[in-house]
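Structural overview
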Amino acid sequence: MWFLGIILLWIGINAIGSSLISSNYHVKAYCNNSSETEKKIAITFDDGPSVYTLEVLQLLKKHNAKATFFCIGKNIETHPEILKQIIDDGHLAGNHSYSHSKFFDFYNQDKIHKEIIKTDQLLEQFTPGKINFFRPPYGVTTPSIRRALKVTGHKTIGWNIRSLDGGTKNQELILNRIIKRVSPGGIVLLHDTGAHSVLVLEQFLQFLQQNNYQVVSIEELLNLKAYAN
């Protein structure tokens, strides 16, 4: 029984560590800048580009805010012109896998590596250099992802303010969840794939402006380069 207990404990620890990107259990992830004392915060968007990305870009321009978009390869193929607009507007782009499959964390190293490289090739048609930032689908990390990233050299970007806008469309719930967690050096996770997220973003940017927060890029917040030569 004690042996079974140890096995179950190991499985539990492994599951929690894999699902919490901030745990650094398999991969070192940059989730915030805890040493930041000024009112600076970064906003990131997952799963685009999509038609809603254009509305997001309009809001960011209106509020003079810079963001990082973690793009899915297959969506880049559908909306290359929107990725071009992201870069032309001065925002950053990162790799969010090619398929964003529900089974991505079960893929072996080779398959993960191929997805990352394929998405990089799509992104780098529009970016000024090699992609340095990667965000794993669902924020789940595994030994296979760690081994693939060791080869590609990407930095893993996480978050410490998760909106959960991918799981609910309740704007009040999403906004309140973000606002309660806002602090200097934070990284916010939103999605640019739904109308409700756009409406939340508008309210959130107004909140940040009213509270004298500056929305800066991941590069500035973490002092990391998004692109390499």
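Our structure's up above, just so we're on the same page.
Report on the accompanying structure. Keep in mind the model is a prediction, meaning the values are calculated, not measured.

1. Some points on the packing of helix α5 (residues 109-123) against helix α6 (residues 143-152)
Between α5 and α6, the shortest axis-to-axis distance is 8 Å and the interhelical angle comes to 50°. What the angle tells us is that α5 and α6 run oblique. In this structure, α5 meets α6 at a crossing whose hand is right-handed. Of α6, the residues touching α5 (which contributes Q109, I112, H113, I116 and I117) are S144, I145, R147, A148, L149, V151 and T152. Residue classes in the contact of α5 with α6 are distributed as 7 nonpolar, 4 polar and 1 charged.

2. Focus: the side chain of N132
Tracing the backbone shows N132 in the loop between β5 (130-131) and β6 (133-134). For N132, the residues in contact, after removing those within four places along its chain, are H154, K155, K225, A226, Y227 and A228.

3. Here we look at helix α4 (residues 80-88)
For α4, every residue scored as buried is listed here: I82, L83, I86 and I87. Projected down its long axis, α4 shows its buried positions confined to an angular sector of 140°, all on one face. Buried residues belonging to α4 abut α2 (51-62), β3 (67-71), α3 (73-78), β4 (92-95), α5 and β11 (227-228). In the segment just after α4, G90 is the residue with positive phi, at about 90°.

4. Focus on unusual backbone geometry
Residue P49 follows G48 across a cis peptide bond; omega there is 0°. Positive phi outside glycine occurs at N64, with the angle close to 55°. Here N64 shows up in the loop between α2 and β3. A positive phi angle is found at Y138, which is not glycine, with a value near 65°.

5. Section: the pattern of salt bridges
Tallied over the entire structure, the rule returns 6 salt bridges. Of the charged contacts in the structure, one is a salt bridge between D89 and K61, with a shortest N-O distance of 4.0 Å. With a gap of 28 residues between them, D89 in the loop between α4 and β4 and K61 in helix α2 connect regions that are remote in the sequence. We classify K61 as exposed; its relative accessible area is 57%. One network of salt bridges, with partners in common, ties together E38, K40 and E220.

6. Describing the packing of α2 against helix α8 (residues 195-210)
As a packed pair, α2 and α8 sit with axes 9 Å apart at the nearest point and diverge in direction by 5°. The angle between α2 and α8 falls in the class roughly parallel. Contacts between α2 and α8 pair Y52, E55, V56, L59, L60 and K62 from the former with A195, V198, L201, E202 and L205 from the latter. Looking at the contact of α2 with α8 residue by residue, the class counts come to 8 nonpolar, no polar and 3 charged.

About the cut-offs
- Residues numbered from 1 in each chain as written.
- Predicted model: local features only at pLDDT ≥ 70, side-chain atom pairs only at ≥ 80, totals over all residues.
- Heavy atoms only, no water.
- Axes fitted to C-alpha atoms, helices over the stretch in contact; angles between N-to-C directions.
- Helix = DSSP H or I, 4+ residues; strand = E, 2+ residues; numbered from the N terminus.
- Parallel < 35°, antiparallel > 145°, perpendicular 65-115°, else oblique.
- Left-handed = near helix turned anticlockwise from the far one by under 90°.
- Contact = heavy atoms within 4.5 Å.
- Nonpolar A, V, L, I, M, F, W, Y, C, P; charged D, E, K, R; others polar.
- Buried < 20%, exposed > 50% of the residue type's maximum accessible area, 1.4 Å probe, protein only.
- Arc of directions from axis to C-beta.
- Salt bridge = Lys/Arg side-chain N within 4 Å of Asp/Glu carboxyl O.

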